[in-house]
Amino acid sequence: MKKNLLLTILGMAALYAASSCRKYPIDKDGLLITDNTSCYMSSFNLVGSDNQTVLVTTPTFANGLIDTVKCTVTAIAKFGTNISKVKPYCSLGANDMLVEPFMGLWTDFNQPKTYTLVSGNRQIRKLYTITVTVQK
């Protein structure tokens, strides 16, 4: 009897907890769609084959090398860097944002590259252009 009562109370508590939590929808990739409208890049980095940064200075919003109004990133790679085979990484303004295409793949930055940032609510999309030059 006590066991049945305890199980009933635990079951009711679990149902209450589940119904009181807000449920967010899930996108095609199984990621939560939230209410977040943030959509900006806060830092950018490039690494070489040794997984070490190849940049002279890491572009950030704070140092002005990332312009969140014009949606541009300006990066300078260290002298002698082969920018035709580097891996890009970035930090985003919020954890629920997405970057398209996926970063972290070998990429040729001899020409500017564009990446689309998508907000957590999937309603805001910003196209960022990343330009990398080699230090002289």
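Rules of the game
- Residues numbered from 1 in each chain as written.
- Predicted model: local features only at pLDDT ≥ 70, side-chain atom pairs only at ≥ 80, totals over all residues.
- Heavy atoms only, no water.
- Helix = DSSP H or I, 4+ residues; strand = E, 2+ residues; numbered from the N terminus.
- Buried < 20%, exposed > 50% of the residue type's maximum accessible area, 1.4 Å probe, protein only.
- Contact = heavy atoms within 4.5 Å.
- Areas by Shrake-Rupley, 256 points an atom, 1.4 Å probe, with all protein chains shown as cover.
- Salt bridge = Lys/Arg side-chain N within 4 Å of Asp/Glu carboxyl O.
- Pairing = 2+ DSSP bridges.

A. View of the overall build of the protein chain. A tally of helices and strands in the protein chain yields one helix and seven strands. For the protein chain, the N- to C-terminal ordering of α and β elements is α-β-β-β-β-β-β-β. The buried share of the protein chain, reckoned over its 136 residues, is 32%. Taking as baseline every contact in the protein chain between residues at least 6 positions apart, the subset at least 24 positions apart corresponds to 51%. Looking at the protein chain as shown, the accessible area adds up to about 8900 Å², and 59% of this sits on carbon and sulfur atoms.

B. Representation of the environment of isoleucine 130 in the model. Turning to its location among the elements, isoleucine 130 is positioned in strand S7 (residues 125-134). With 58 residues separating them along the chain, isoleucine 130 and threonine 72 place their C-alpha atoms 5.9 Å apart. Leave out the neighbours within four places in its chain, and isoleucine 130 touches Met41, Phe44, Val73, Met103, Phe109, Pro112, Lys113 and Tyr115.

C. Focus on the pattern of salt bridges. The final tally for this structure, using the stated rule, is one salt bridge. For arginine 125, the salt bridge is made with glutamate 100, and the minimal N-O distance between the two is 2.6 Å. Of this pair, arginine 125 sits in strand S7 while glutamate 100 is found in strand S5 (residues 98-100), placing the two residues 25 residues apart along the sequence. Overall, the relative accessible area of 31% leaves glutamate 100 in the partly exposed class.

D. Looking closely at the environment of lysine 85. Residue position: lysine 85 is located in the loop between strand S3 (72-77) and strand S4 (87-92). With 20 residues separating them in the primary sequence, lysine 85 and leucine 105 have C-alpha atoms 9.2 Å apart.

E. Structural view of the pairing of S7. One ladder, built from six bridges, connects S3 with S7; its direction is parallel. The residue of S7 that forms the bridge with isoleucine 76 is threonine 133. Pairing of strand S6 (residues 113-118) with S7, which is carried by six bridges, proceeds in the antiparallel orientation. Its bridge partner being in S7, threonine 114 is matched across the sheet by threonine 129. In this antiparallel pair of consecutive strands, S6 and S7, the connection spans six residues, and arginine 122 shows a positive phi of 65°.

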